[in-house]
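Results of the structural survey
Residue-level listing of the chains:
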Amino acid sequence: MNLNEDKYDFVSGALAYQYVNREGKSLLFIILDAGNFHHPKVCFTGAGFKIKELPDTEFRLPNNTLKTHTLFTERGRDNNLSFYWIVIDKNVAHEWIEQKAKQLFFSLFGKKRVGLMVRVDIPAKEGDIDNATIMAEQFLSDIGRSLDPEQATYIFGIK
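Everything in this summary refers to the structure shown in the same document. Sequence order sets the numbering: in each chain, residues are counted from 1 along the sequence as written. Where local features are concerned, this predicted model is filtered to residues with pLDDT of at least 70; where side-chain atom pairs are given and counted, the filter is 80 or more; whole-chain, interface and lining totals use all residues. Hydrogens and waters are ignored; side-chain quantities use all the structure's heavy atoms.

Attention now goes to the overall build of the protein chain. A tally of regular secondary structure across the protein chain gives 4 helices and 7 strands. Listing every helix and strand of the protein chain by position from the N terminus yields β-β-α-β-β-β-β-α-β-α-α. Counting every position in the protein chain, which comprises 159 residues, the buried fraction comes to 41%. In this description, contact between two residues means that some pair of their heavy atoms is separated by no more than 4.5 Å. In the protein chain, the share of contacts with a sequence separation of at least 24, taken over all contacts with a separation of at least 6, comes to 61%. Counting from the N terminus, the helices are the DSSP runs of H or I reaching at least four residues and the strands are the DSSP runs of E reaching at least two. Per-residue accessibility, obtained with a 1.4 Å probe over protein chains only, is compared with the maximum for each type, and a residue is labelled buried under 20%, exposed over 50%, and partly exposed between these values.

Locating Thr 153 in the fold gives a position in helix H4 (residues 149-156). According to the relative accessible area criterion, Thr 153 is buried, its value standing at 16%. There is a polar contact of 2.6 Å between the side chain of Thr 153 and the backbone oxygen of Glu 150. With residues up to four places along the chain from it excluded, the contact list for Thr 153 reads Val 87, Lys 90 and Ile 158. Under this definition, polar contacts are N or O atom pairs within 3.5 Å; protein pairs additionally need one hydrogen-donor-capable and one acceptor-capable atom, and for neighbouring residues in sequence, both atoms have to be side-chain atoms.

In this section: H4. Along H4, the residues classified as buried are Ala 152, Thr 153, Ile 155 and Phe 156. Buried residues of H4, viewed axially, fall in a sector of 165°; they line one side. For H4, the N-terminal capping position is held by Asp 148, with its side-chain oxygen 2.9 Å away from the main-chain nitrogen of Glu 150. Backbone geometry just downstream of H4 places Gly 157 in the positive-phi region, at approximately 80°. Starting at the helix axis, one direction is taken to each C-beta atom, and the arc is that of these directions.

Attention now goes to the environment of Asn 63. Within the secondary structure, Asn 63 is located in the loop between strand E3 (50-61) and strand E4 (64-75). In sequence terms Asn 63 and Thr 153 are 90 residues apart; their C-alpha atoms lie 9.5 Å from each other.

For this analysis, a ring pair means two rings from Phe, Tyr or Trp (six-membered ring only for Trp) whose centres lie within 6.5 Å, classed as stacked if their planes differ by under 30 degrees, edge-to-face if by over 60, and tilted for the remaining angles. All told, the structure shown has 7 aromatic pairs when counted by the stated rule. Consider the rings of Phe 29 and Phe 139, whose centres lie 5.2 Å apart with planes at 65°: the pair is edge-to-face. Here Phe 139 lies in helix H3 (residues 129-146) and Phe 29 lies in strand E2 (residues 26-33), a separation of 110 residues in the sequence. The class of Phe 29 is buried, set by a relative accessible area of 4%. Judged by centre distance (5.1 Å) and plane angle (80°), the ring pair of Phe 59 and Phe 83 falls under edge-to-face. Of this pair, Phe 59 sits in strand E3 while Phe 83 sits in strand E5 (residues 78-88), and the two are 24 residues apart along the sequence.

With 27 residues, the main nonpolar core has Phe 29, Trp 85, Val 120, Ile 122, Leu 140 and Phe 156 as its most contacted residues. Ignoring any residue separated from it by four or fewer positions in sequence, one finds Phe 156 in contact with Leu 61, Asn 64, Leu 66, Trp 85, Val 87, Val 92, Leu 140, Ile 143 and Gly 144. Here, the term nonpolar core denotes a set of buried Ala, Val, Leu, Ile, Met, Phe, Trp, Tyr and Cys residues that are joined through side-chain atoms within 4.5 Å. Grouped together as the second largest cluster of nonpolar side chains are 12 residues, Leu 28, Ile 30, Tyr 84 and Ala 93 included.

Turning to the pairing of strand E7 (residues 115-123), a few remarks are in order. Along a regular strand, successive side chains alternate from one face of the sheet to the other. When you tally the buried positions in E7, you get 8 out of 9 residues, the bulk of the element. For E2 and E7, the ladder comprises 6 bridges, and the chain directions are antiparallel. Across the sheet, the residue bridging to Phe 29 is Val 120, located in E7. Bridge count for E5 against E7 is 9 bridges, and the pairing is antiparallel. Pairing of Ser 82 across the sheet is with Asp 121, part of E7. A strand pair is defined by DSSP finding two or more bridges across the two strands.

Structure follows, in structure tokens:
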């Protein structure tokens, strides 16, 4: 992603990395400031994707279990399985309205908070969702093990 493109002007404070495993399969890992993004369904729809909401996915991580929202997106031959979640002050906000309510609370009272939206996108065909989910879990487990436990709570929340 080239975050310097005009279409990303709304984003402040973003991290986007593409990772490739030994088999040559890739994924995109994105972290955005939770106050400066729009819902992934809006993002994908605006980019011309058809969206299928899938049941939430639960990942077993080294020190945590993480429940994520899951989307399957299609645009021509460009198909992705996406997992996303929002962490505000080390707590996962499970519902969109919860995230917005917390943002309003913190802004009304001028409280400092750390709010992140985290997303993992994996190119996948609809019949390969299970393998893409396994790849996501392996990646998130590796990230969880490599980070300092305090840092990991900002990305995965506290359980």
